[in-house]
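# Observations on the model geometry
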Amino acid sequence: MNSHDSSLHSNSPSNSALDSVEKLHRAVSSAMSHPTEQLIQQAENSLSHTEQAVAQVIEQGDPNAVELAEELLGEEKERLSKLRSAKQ
């Protein structure tokens, strides 16, 4: 199932968090490809939104979803951090 089929997903916090991580991944990838201030800011905004979505999954307490969401979020944070370092 690709991202265009997201309307078929349930609106559970787990799915919302994974959708947010996917959007964050695209935002960070875009900022890495074209490191303009605007795209970096958009990636940082997406990071904030994703952190909130992951926090909801943590509150829900689904251990598998928490582990996956935190792992993916960590990878994107690392990518964004490298981008910020390279930009400075």
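For clarity, every value in this text was computed on a predicted model and none was experimentally measured.

### Points about the overall build of the chain
Within the chain one finds three helices and zero strands. When the helices and strands of the chain are read in sequence order from the N terminus, they spell out α-α-α. Counting across all 88 residues of the chain, residues that qualify as buried make up 27%. When contacts within the chain are restricted to residue pairs at least 6 apart in sequence, those whose partners lie at least 24 apart make up 62%. Approximately 5700 Å² of the chain is accessible, and the part contributed by carbon and sulfur atoms is 48%.

### Considering the packing of helix H1 (residues 13-33) against helix H3 (residues 63-87)
H3 packs onto H1 with a crossing angle of 15 degrees between their chain directions and a minimal axis gap of 10 Å. As far as their axial angle goes, H3 and H1 are roughly parallel. By crossing handedness, the relation of H1 to H3 is classed as left-handed. For the pair H1 and H3, contact is made by Ser-14, Ala-17, Leu-18, Val-21, Leu-24, His-25, Val-28, Ser-29, Ala-31 and Met-32 and by Ala-65, Leu-68, Ala-69, Leu-72, Leu-73, Glu-76, Arg-79, Leu-80 and Leu-83, respectively. For the contact of H1 with H3, a count of residues per class yields 14 nonpolar, three polar and two charged.

### What to know about H3
Here H3 spans 36 Å end to end across 25 residues, near enough to the 36 Å set by a 1.5 Å rise per residue. Among all positions of H3, only Ala-65, Val-66, Ala-69, Leu-73, Glu-76, Leu-80 and Leu-83 are buried. Structurally, H3 contributes buried residues whose contacts are with H1 and helix H2 (37-60).

### Re the nonpolar core
Membership of the largest hydrophobic core comes to 18 residues, with the highest contact counts inside it found for Ala-17, Ala-31, Ala-43 and Leu-80. Of all the secondary-structure elements, those providing two or more residues to this core are H1, H2 and H3. In terms of residues, this core owes the most to one element, H2, which gives seven residues.

### Focus on the confidence of the model for the chain
Looking at the chain, pLDDT values average 86 and 89% of them are 70 or higher. Segment residues 1-8 is flagged for pLDDT under 50; beyond a separation of four residues in sequence, or across chains, it makes five contacts in the model.

### Section: the packing of H2 against H3
Interhelical geometry of H2 versus H3 gives an angle of 160 degrees and a closest axis separation of 10 Å. Relative to H3, the element H2 lies roughly antiparallel. Every pair of crossing elements has a handedness; the one defined by H2 and H3 is left-handed. Residues Glu-37, Ile-40, Ala-43, Glu-44, Leu-47, Thr-50, Glu-51, Val-54, Val-57 and Ile-58 of H2 lie in contact with H3, whose contacting residues are Ala-65, Val-66, Ala-69, Glu-70, Leu-73, Lys-77, Leu-80, Leu-83, Arg-84 and Lys-87. Classifying every residue of the contact of H2 with H3 gives 12 nonpolar, one polar and seven charged.

Scoring rules and cut-offs
- Residues numbered from 1 in each chain as written.
- Predicted model: local features only at pLDDT ≥ 70, side-chain atom pairs only at ≥ 80, totals over all residues.
- Heavy atoms only, no water.
- Helix = DSSP H or I, 4+ residues; strand = E, 2+ residues; numbered from the N terminus.
- Buried < 20%, exposed > 50% of the residue type's maximum accessible area, 1.4 Å probe, protein only.
- Contact = heavy atoms within 4.5 Å.
- Areas by Shrake-Rupley, 256 points an atom, 1.4 Å probe, with all protein chains shown as cover.
- Axes fitted to C-alpha atoms, helices over the stretch in contact; angles between N-to-C directions.
- Parallel < 35°, antiparallel > 145°, perpendicular 65-115°, else oblique.
- Left-handed = near helix turned anticlockwise from the far one by under 90°.
- Nonpolar A, V, L, I, M, F, W, Y, C, P; charged D, E, K, R; others polar.
- Expected span 1.5 Å × (residues − 1).
- Core = buried A, V, L, I, M, F, W, Y, C linked by side-chain atoms within 4.5 Å.
- pLDDT = per-residue confidence, 0-100.

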